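# Notes for the structure review
What follows is the residue order along each chain.
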Amino acid sequence: MAKSIQEQLVIDPLTLKVLADPSRSYLVYSLAESAKPAKQLAAEMDCPITRLYYHLQQLEKHGLIFVERTRKVSGIQEKHYRASARSFVVDRAPEGAAGQTDQARSQALLGFVFDQTRLDISHALLSGRIDTGKLPTEAGALMAYRSVLKLDPTQAQGLYDRLLAVYRDYEALAKTPAADGDYYALVASVYPTQQQHPQPGLKPRMRARTAD
């Protein structure tokens, strides 16, 4: 019986570290909607196929992709890979000694989101993928903000809800990718912080250069 792709797959922190590599993340997203051979993936990523095979092996080893079918091409069996799920979430079940699993999970998540985001943006700036001559909200620019402010419970809940709605819109677009165009990453985070404003009402923030 052919294996079917799941809508959501729960993974552990170690598996999340495997996904933290930008190339592997791209492969999983690219294989979410249809199976593809390594040759096609290498062309999409402009990556040597020998290097791509290593990433595919790691993803298959950890159950993030599988071989959906094979076909013979010029006497060679060509594997068509498929993502195991359309989305992946980190296992929240407590395991092991108190605090140890939570620490591993949080560090894996932070590394996946923020370490790889920093590397991805750095590479995009160096390669010219991000157009430094453009300003938000123009597509192709870098839009990055950090701000800290005091919110009451109702305001905080509203912020969580709006950011989640934006992310769900992004995920909906990912399920029906455009035939042409560029790839865009979305990173969003909101959380309680111990950081305090030095003066009442002062709202320091850092952001990418904008037109306003």
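Residues numbered from 1 in each chain as written. Predicted model: local features only at pLDDT ≥ 70, side-chain atom pairs only at ≥ 80, totals over all residues. Heavy atoms only, no water.

In total, this model carries six salt bridges according to the counting rule given. Between Glu-7 and Arg-86 there is a salt bridge, with the nearest N and O atoms lying 2.8 Å from each other. Separated by 79 residues along the polypeptide, Glu-7 in strand β1 (residues 6-11) and Arg-86 in strand β5 (residues 85-90) bring together distant segments of the chain. Classification of Arg-86 by relative accessible area gives partly exposed; the value is 23%. With a closest N to O distance of 3.1 Å, Arg-69 and Glu-68 form a salt bridge. (Salt bridge = Lys/Arg side-chain N within 4 Å of Asp/Glu carboxyl O. Helix = DSSP H or I, 4+ residues; strand = E, 2+ residues; numbered from the N terminus. Buried < 20%, exposed > 50% of the residue type's maximum accessible area, 1.4 Å probe, protein only.)

The pairing of strands in a sheet happens through backbone hydrogen bonds and is either parallel or antiparallel. In space, the three strands of this open sheet follow the order β2-β4-β3, with antiparallel pairing throughout. Sheet topology places β2 (36-37) and β3 (65-73) at the edges, where each strand pairs with a single neighbour. Here β2 runs beside strand β4 (residues 76-83); their pairing, made up of two bridges, is antiparallel. Across the sheet, residue Lys-36 finds its bridge partner in β4, namely Tyr-81. This element, helix α4 (residues 49-61), spans β3 and β4 of the sheet and lies at about 130 degrees to β3. (Pairing = 2+ DSSP bridges. Contact = heavy atoms within 4.5 Å. Axes fitted to C-alpha atoms, helices over the stretch in contact; angles between N-to-C directions.)

Looking now at the pairing of β4. Relative to β4, β3 runs antiparallel, the two sharing eight bridges. Its bridge partner lying in β4, Arg-69 is registered against His-80. Between β3 and β4, which pair antiparallel and follow one another directly, the connecting turn spans two residues, one of which, Ser-74, has a positive phi of 55 degrees.

A few words now on the confidence of the model for the protein. Summing up the model confidence of the protein, the mean pLDDT is 83 and the portion of residues at 70 or higher is 85%. When pLDDT is averaged over each helix and strand of the protein, the minimum, 47, is found for strand β7 (residues 205-207) and the maximum, 95, for β2. Within the model, pLDDT remains below 50 along residues 199-206, and this stretch shows 11 contacts once partners closer than five positions in the same chain are excluded. (pLDDT = per-residue confidence, 0-100.)

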